[in-house]
Every structure is written in structure tokens, then in C-alpha cells.
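Notes for the structure review
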Amino acid sequence: MKFASRVTKLEPSITLAVTARANAMKAKGEDVVAFGAGEPDFDTPAHIQEAAIKAMRDGLTRYTPALGLPALRAAVAEKYSAFYHYPTTPKNVAISCGGKHSLYNVFHALVERGDEVLIPAPYWVSYPEMVKLAGGVPVIVETDEDTGFRVTVDRLRAYTTDRTKILLINSPSNPTGAAYHRKELEAIAEFVLENDLVLISDEIYEHLVFDDFEFVCFPTLAEELRERTVVVSGASKTYAMTGWRIGWTVAPEGLIEMMGRLQDQSTSNATSFAQAGAIAALKGPQDCVKTMCAAFAERRAYMMRRLAELPNVACCVPQGAFYVFPKVSACYGRQAGGRAVDGSVALSEYLLEKVKVAVVPGIGFGADANIRLSYATSMQQIEKGLDRIAEALGAL
Ligand SMILES: Cc1ncc(COP(=O)(O)O)c(C=O)c1O
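Below you will find a few notes about this structure. Nothing here was measured: the structure is a model prediction, and the numbers come from that model.

About the thresholds
- Residues numbered from 1 in each chain as written.
- Predicted model: local features only at pLDDT ≥ 70, side-chain atom pairs only at ≥ 80, totals over all residues.
- Buried ≥ 20, exposed ≤ 12 C-beta atoms within 10 Å, placed from the backbone.
- Helix = DSSP H or I, 4+ residues; strand = E, 2+ residues; numbered from the N terminus.
- Arc of directions from axis to C-beta.
- Contact = placed C-beta atoms within 7 Å.
- Pairing = 2+ DSSP bridges.
- Near = placed C-beta within 6 Å.
- Nonpolar A, V, L, I, M, F, W, Y, C, P; charged D, E, K, R; others polar.
- Core = buried A, V, L, I, M, F, W, Y, C linked by C-beta atoms within 7 Å.
- Domains from an automatic or database assignment.

**Some points on helix α6 (residues 126-133)**
If you check which residues of α6 are buried, you get Y127, P128, M130 and V131. Down the axis of α6, the smallest arc covering the buried residues is 165 degrees, so these residues share one side. Lining the buried residues of α6 we find α5 (99-110), β3 (116-121), β4 (137-142) and β5 (164-170). G135 occupies a position one or two residues after α6 and carries a positive phi of about 90 degrees.

**Concerning the sheet that holds strand β9 (residues 323-324)**
Through backbone hydrogen bonds, the strands of a sheet pair up, either in parallel or in antiparallel fashion. Pairing is antiparallel in the open sheet, where 3 strands are placed in the order β9-β14-β13. Looking along the sheet, the strands with just one partner apiece sit at the ends: β9 and β13 (360-361). Examined bridge by bridge, β13 and strand β14 (residues 371-374) share 2 bridges and lie antiparallel to one another. When the bridges of β14 are listed, P361 appears paired with I371.

**Description of the site of the ligand**
Around the ligand there are 13 residues in total, and G98, G99, K100, N174 and S236 lie nearest to it. Of the residues that constitute the shell around the ligand, the class distribution is 2 nonpolar, 9 polar and 2 charged.

**So, the nonpolar core**
V76, F107, I166, L167, L168 and A358 are the most contacted members of the largest nonpolar core, which totals 126 residues. When residues of this core are assigned to domains, at least three fall in each of domain 1 (5-30 + 288-394) and domain 2 (46-283). Not counting chain neighbours up to four residues away, the residues in contact with L167 comprise L118, L156, V192, L197 and L199.

**Some words on the pairing of strand β2 (residues 93-96)**
Burial along β2 is two-sided: V93 and I95 and A94 and S96, pointing in opposite directions, are all buried. Summarising the sheet, β2 and strand β8 (residues 247-250) pair through 4 bridges and their orientation is antiparallel. Looking across to β8, one finds that I95 is bridged to W248.

**With respect to the environment of S378**
Residue placement: S378 occurs in the loop between β14 and α13 (379-394). For S378, a count of 12 C-beta atoms within 10 Å puts it in the exposed group. Taking C-alpha positions, S378 is 9.3 Å from A295, a pair spaced 83 residues apart along the chain.

Remember that the coordinates give geometry; whether it matters functionally is a separate question.
Structure representation (C-alpha cells):
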């Protein structure tokens, strides 16, 4: 069988590959500490589970409209209107099978062959591949520790051409945890308007920010942004609902209609009773979010303290999400078991083989000098994992 080049050219997800390898070792009974997870380690709060179970028992087991239950679209619209003071109607909302699916459909609805999409690096692994699948050209704009991994307008300008159509911003970011301050976003907004661009704002980690950091929902910055901004978010990270597959897009009605056409002819609706769970998540008590966020904040503080003690490791303080992205390239060039540690993949393999700690190589996020550690795992595992990393790096 000959496969289509559109799929043979796809890069496999490096994060899922690391998790699979660590899981295979665990299944063999090995004591692996996994820092690979891209999902909260908490169970979905009980009231959300109950709402979905009740919905299923009450017969919500059939197709819903492709763009989602009217009640869920209304709940999302109400959240943006009330919480962010961003007037939103249900017609501005599309419900998809996770934020990933929302992004996939947004790119398919907007990108024409050859359109360029500016993607600041380090980036979430799926963005460039999704842009390529839609026929577009991902244009990677590098950032580093000097600007806290936040892209500047000067840098964006250097990569802008007459084919540039979209700028993607992910704040707080996977993999760096970097989040943009209001002033920085205002400068980016001006740049977007000046260059007649569409801005896709991936806000999936919007509620996971620390130390009273002010998260800004991008289109709230200026009225003129409304017609050119697409916000993507969802239930996965905020409510520990990764397996439920509920994501949403908030955008001008025209784009939502186009996403409806795509969903009509591909997935149809996101799972009916999972949508009922998402309604309970959005409309129910929010203290579960605060509790989870406080646990992440405590773990982040511990990780930062321990990473600061490691020689040859430097780490920016993340403002949000549940990742740290330390720079480890000062360890490169050293020998381990007769092999040179020559990059983030070799270092990750060394850590897995030598001390059974799974981390994600930065190269998958466009930053080979770094590795990603998720702290969506218990404090006990974090302590054990960092002890082991200290031992392994000390032996290099
Ligand atoms: C930056 C970013 N955007 C979007 C997603 C998609 O999340 P989901 O499809 O689970 O809603 C993820 C998940 O890892 C992510 O890290």
C-alpha cells in the first residue's frame, strides 16, 4: 500500500514517543520517574464526572449539532462575556474534540497553499505539522532565555513577508511556561494590525498562572482585534479533563461557520455526554481549579529551587502551565558510557538509561539546548526524579 505524502511527511510526536517508552519500561516493572506528561495528574473533579454520568443516564447519547450543544456554546460564550468582559455569543463558539482538534480545524479553515504562519519557538510540537497539513508554511521565529522565551515585535518583523497571514501566540506556553505581560501583548497587537494579520491565540493554559500573574485574553486588548483574532482553549488542562476531548474556538461568526462545515464532513460533534461534563465544569464551582493551580505552584517552586542547585543547568522561571524548560547544553560534549552526549535527544536517552528518568528532548519543540520536565506528577516523584537527575549529571 502506498501512503499519501501528506502523512508520510508528518513528524511523529516526540512527547508521545517518550511517554510510550517510559510506560513500556514501567510495564516491565522498572521504577521510572516520568516527567513527560502533558496532562494534569489529578482526577476530573467529582461534580463534573457526576454531570456526565447523569447526562448519559438521562439519554444524552445521540448526535448533538456538529458545533456542539447549544447549552455548551452558551456556557463558553458566557465565560468570555462575564469573566473576560469580552462580549461573545454562542455563534462565536465552536466546540471540537479537544483544543488540538480546534487548532487543526482553524488552520484548515484559514490557510491557503503557501500562506506563511509565524510560530515563535520553542513551540508546541503540533503547530508546524498542522500548518503543513493545511498546505501552509510554518515560519519559525526563535526566542531564547534572554527575552524569557517571549517573542518581540522586532524579531517578528524580521520574519514577516508579503505571504505572512497568521501569527500564533501561545501564552502560557508549552513547553516553556512563559506567559506574556499585557504591555508585550499590546505591542504584538499593534504589529498584527499594522501587518493585517490574523492572530491565533492558544490560551489552553489560561487558568494555570502563578504569583498573581495577570493572564490577558488577547482580543480583549482592542476592539479592532475582534475581527482578526481566533482564541483556542478547552477543558483539558483547566479541569483535568484531557481524556474527555472538549476544546473550543472563540472567533468571528464566519470562521465558526466554516469550522462547522469541516466538522459536518469529518468528526461531527464532540462526545455528547463529555459536553455535558464541560457545561458542569464551566458553570460549577471553580475552587477545584484554584486547588490544582496551588499544587502546581508549590511543585514549580520546589523544582526551581532544585534546578538552581544543579551545575550546568539554567532555567527561566515559568509564569504558567506545568512545565520547566531548563537549558542543559552546557552538559553537551561530555562522554557517557563511551558515547558523546551531543544534544537533547542523547541527554534524554542518557537520563532514561542511567537513572530511569523520562524527560522530553527540547529538539521536538525547536530548542535543542533544552529539555522539558512536566511537574504534573506527585511531589514525591518530583523529589526522587530530581535526586536522580543530580546524580546522573554529576556523573557526566
Ligand atoms: C499548547 C497546547 N495547545 C493545545 C493543546 C491541546 O490540548 P487538548 O487537545 O487536550 O485540549 C495542548 C496539549 O498538550 C497544548 O499543550
